[in-house]
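Given next are the chains, with one letter for each unit.
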Amino acid sequence: MKFSNAVLMASVSMLGVMSPAISHAQTADEASASSEAGEIIVTARKRSERLIDVPETIQAVSAETLQRAGISNINDLGRLTPNTVLNRRQDNEPNVVIRGIGSFGNTQGIGFYIDDVQNFTDQSPNMGDVERVEILKGPQGTLYGGSNVGGAVKYVMKKPGDAFGVEGNIEAGGYDTFNVFGAVNAPLSSDGSFAVRLSGYHNRFGGFIRNSFLNENPDKSRETGFRAALQWKPSDVLSFNLAYRHNELDNGGNVYIHTDNVDDVKYVADFDQHIANNRTVDGVTFQADFTPGDVILTSITSYARRKNKFLWDLDYSSADAVGATEGKRKVGHIYTQELRLASDNGDALDWIVGAYAAKIENRNPTNSADLFLGIDHPAYGVLGGVAPDPVPLTDFNDADVRERQYAAFATANYDMGQFKLGGGVRLNRYEYKAKRFDPNTGDPLALINNDTKVLFKLSAGYEISDSNMFYANVGRGMEPGRANVIGDFTDTYKPETAMNYELGFKGRTADRKLSYEVAAFYITYNGRQQEVQVNDPIRGVIELITNVGDTRTYGAEASFTYRPMSDLTLSAGAGWLNSEWKNGAIVGPDLVDPTMTAVYPLKGLDVPNSPKFSANASLDWRKPVDDVVEFGLRVDWAHAGNFYWDLRNRAKQSAYDIVNMAVSLGGLDGKWTATLRVENLFKEKYFNELVYAFYDEPDANGNCAGCSLGTPGTPRRAMASFRFNF
């Protein structure tokens, strides 16, 4: 039986045995939307809980905070969280490092989720219809599996409700930015048991990078999408949720600028190609919850499809040298099925047991790519090129990649009054197979990389009061091994694993004015996967993944929210991090003879993309102007400390600060808000990503004529928006 049919039949079979019962228990989805007397409710452990009752570090960002802070993408989201580097690459995929775990480029280690389904296709989604975002720090292998070695970012979407409502937002601003979002919630039955929620958006960005060669903006983008969610509760014990999403992205996708050094931030490119990246994603999720008594049986079935077309200038210059387009395998498919049984009786012991399976086909669009060489490439004449036609290298990357995941998991938590104990274990099986043809001989190759790991988590908490808790936890996570399938490179690499130890204190004061969370952690990270650059005789510099070595990380972080009065909220957070290599080495050009290679040890060097110090703060003040209108002022500040971009610690990023400010007028009833916002108020120049010494070795001062590639952060931008709901 095909996997897609198997997972569908599993869901249908489960539902076929369901029958109405007398008792009713609140499902996780119902409870996740509730808020008891201002309590923050999260579903990080796949059941609804107060945030202050979960013995681990979780950053929960509500829809209201997202709106007031003007957060529309993960770049802004990452600045709210200490010890977190989170930004969006030019192809709209994320770079993320949490507490020194994870990486940039084609390696990650952090899982992204839409509700309880891992998202492999569009990990930087539009946030218009998001109820909240939960950032889970530390390995999440027990409940979430592999590919969560450093944590998880979970988007909890708004569910259909039993009341009619309409909401929307329109904003426009600098760099030809225009964004519109709208949503309608409608009950379809008189008793509210049947409801639908429809939402859609269109985002346009004119870009701030100028291509001086073609006189255009290669970083311009357009994205359009919609989501339809349907909820049906045929009885008190049975509920169904069906959600479908579709989005289309059209942007440059691979906009990197030649730069001389870390401080050479500029906004000018000179590509000779009209670069393009077109991505279409369709995804559907079906969830069924059955509560026959003191348990909840949940089935979640999902399917996602991503189609990519692209045209990239791989020499990133006006030279007609190397370009790339999508190959014949331009569509990826992802199927997942989770089935779990959870206690729901309010006893001191709660538990979850479950099973999970996933089939992932060709998730990376660059696994199938065709190259073309122009007249400026050194091999153009050798390969028989005739000007002005390019020389095609069809199927330069041609790999049919199939991944399978299978898991069984169980967790339990025991409430002993002031003491709370918890634990979980997951048996995680990962199978990777890439079919391709040897680019040199034409012979078929099969690259196989399979592994089974046992992942676990243990936690303990001690409640000083109902709202204050000391806690400790230890957990193991992993990122599976795979293979390089680019050019004539066909080597596999091993899985990486991390052990995380954490101590923390969280809670709030009795008057609820001050809430806080303080944590210290120690992490050992073995077989770390990193992206490295090597020279290919045809394409030039290409990027591969390899196990570089082991690291150890320790640090501390704290976050606070203080409400001295009802109309003023002050928030702040800070993190300190020490992340170093315990061993490992990489190969690079010899400093004396660049035609030769040398081995460079990493022991004692800092891990890239891991700022020693990070901090953030915000002020949110709301003051009634009269009986109808209130005035609002919000200021957000984020500080990124020094860190290195490269493994050899040659490219040190100086500390920088981003300040955003907004003023607003809105109805006291919350029905409308008009806002003026300035982003990057003080015009800070910085890179979101930097690939140092991509083409050549720098001199003693760290300079080299355009040999590094970078993507600059957005300059100062003014925005105006109007939000409404009724």
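Below is a summary of the structure that appears in this document. (Residues numbered from 1 in each chain as written. Predicted model: local features only at pLDDT ≥ 70, side-chain atom pairs only at ≥ 80, totals over all residues. Heavy atoms only, no water.)

**Brief notes about the sheet that holds strand β8 (residues 117-118)**
Piece 1. A sheet is described by the order of its strands in space; here five strands give the open sequence β3-β9-β10-β7-β8, paired in mixed fashion. Because the sheet does not close on itself, it has two edges, and the strands there are β3 (58-62) and β8.
Piece 2. Relative to β8, strand β7 (residues 110-114) is paired through two bridges, and the arrangement is antiparallel. In the sheet register, Ile114 faces β8, and the bridge partner there is Val117. (Pairing = 2+ DSSP bridges. Helix = DSSP H or I, 4+ residues; strand = E, 2+ residues; numbered from the N terminus.)

**Side note on the state of the cysteines**
Piece 1. Across all of its chains, the model carries one disulfide by this definition.
Piece 2. Here Cys704 pairs with Cys707 through a disulfide, and the sulfurs are 1.7 Å apart. The disulfide joining Cys704 to Cys707 has a torsion of about -45° about its S-S bond and is therefore left-handed. In this pair, the class of Cys704 matches that of Cys707, namely buried. (Disulfide = S-S within 2.5 Å. Buried < 20%, exposed > 50% of the residue type's maximum accessible area, 1.4 Å probe, protein only.)

**A short note on the packing of aromatic side chains**
Piece 1. In this structure the tally under the stated criterion is 25 aromatic pairs.
Piece 2. Ring centres of Phe419 and Tyr462 lie 5.0 Å apart, and the angle between their planes is 50°; this geometry places the pair in the tilted category. Taken together, the residues Phe419 in strand β26 (residues 419-437) and Tyr462 in strand β27 (residues 444-465) connect sequence positions 43 residues apart.
Piece 3. The class of Phe419 is partly exposed, set by a relative accessible area of 47%.
Piece 4. Taking the centre distance of 5.2 Å and the plane angle of 50° together, the rings of Phe505 and Tyr516 count as tilted. Of this pair, Phe505 sits in strand β29 (residues 496-508) while Tyr516 is found in strand β30 (residues 514-536), placing the two residues 11 residues apart along the sequence.
Piece 5. Residue Tyr516 is classed as buried on the basis of its relative accessible area of 15%.
Piece 6. Put simply, the rings of Tyr175, Phe205, Phe208 and Tyr267 pair up and form one aromatic cluster.
Piece 7. The ring of Tyr471 has Lys506 sitting right over it, with the charged end atom 5.6 Å from the ring centre. (Phe/Tyr/Trp six-rings, centres within 6.5 Å; stacked < 30°, edge-to-face > 60°. Lys NZ or Arg CZ within 6 Å of the ring centre and 35° of its normal.)

**A few points about empty space enclosed by the protein**
Piece 1. The final tally for this structure, using the stated rule, is 10 cavities of 30 Å³ or more.
Piece 2. Estimates place the volume of the largest cavity at around 590 Å³.
Piece 3. If you trace the largest cavity, you find 44 residues lining it, with Ile114, Asp115, Met157, Arg227 and Ala243 closest to the centre.
Piece 4. Of all elements in the fold, only α2 (28-32), β10 (151-157), β13 (194-205), β15 (221-235), β16 (238-251) and β19 (276-290) reach the threshold of two or more residues within the lining of the largest cavity.
Piece 5. A total of seven residues in the lining of the largest cavity trace back to one element, the largest contributor, which is β16.
Piece 6. When its residues are assigned to classes, the lining of the largest cavity shows 19 nonpolar, 12 polar and 13 charged.
Piece 7. Of the voids in this model, the second largest cavity is the one considered here, and its volume is about 370 Å³. (1 Å grid on protein atoms, 1.4 Å probe; cavity = no way out; pocket = protein on both sides within 12 Å on 5 of 7 lines; lining within 4 Å. Points joined across faces, edges and corners; volume = space filled by probe spheres on them. Nonpolar A, V, L, I, M, F, W, Y, C, P; charged D, E, K, R; others polar.)

**Quick look at the sheet that holds strand β41 (residues 687-691)**
Piece 1. Across the sheet, which stays open at both edges, the three strands sit in the order β17-β42-β41 with antiparallel pairing between neighbours. Every interior strand has two partners, whereas the edge strands, β17 (257-259) and β41, have only one. Between one strand axis and the next, the sheet turns through 35° on average, direction left out of account.
Piece 2. Bridge analysis of β41 against strand β42 (residues 708-712) gives four bridges, and the strand direction is antiparallel. Within β42, the residue paired with Glu689 across the bridge is Thr711. (Axes fitted to C-alpha atoms, helices over the stretch in contact; angles between N-to-C directions.)

**What to know about the pairing of strand β39 (residues 656-667)**
Piece 1. As judged from the 12 bridges shared by strand β36 (residues 629-640) and β39, these two strands associate in the antiparallel manner. Note that in β39 the partner of Gly632 across the bridge is Ser664.
Piece 2. When β39 meets strand β40 (residues 672-679), the two strands line up antiparallel, connected through six bridges. In the strand pairing of β40, Ala662 is matched with Arg677.
Piece 3. Connecting β39 to the next strand, β40, in antiparallel fashion are four residues, including Gly670 with a positive phi near 75°.

**A few points about unusual backbone geometry**
Piece 1. In this chain, Ala387 is followed by Pro388 through a cis amide linkage whose omega measures 0°.
Piece 2. Checked against the element boundaries, Pro388 lands in the loop between β24 (368-373) and β25 (391-416).
Piece 3. A positive phi angle, close to 65°, is found at Arg512, a residue other than glycine.
Piece 4. Mapped onto the secondary structure, Arg512 falls in the loop between β29 and β30.
Piece 5. Here Arg512 falls in the partly exposed class, since its relative accessible area comes to 40%.
Piece 6. Despite not being glycine, Asn680 shows a phi value in the positive range, around 50°.
Piece 7. Mapped onto the elements, Asn680 comes out in the loop between β40 and β41.
Piece 8. Given the relative accessible area of 3%, Asn680 is considered buried.

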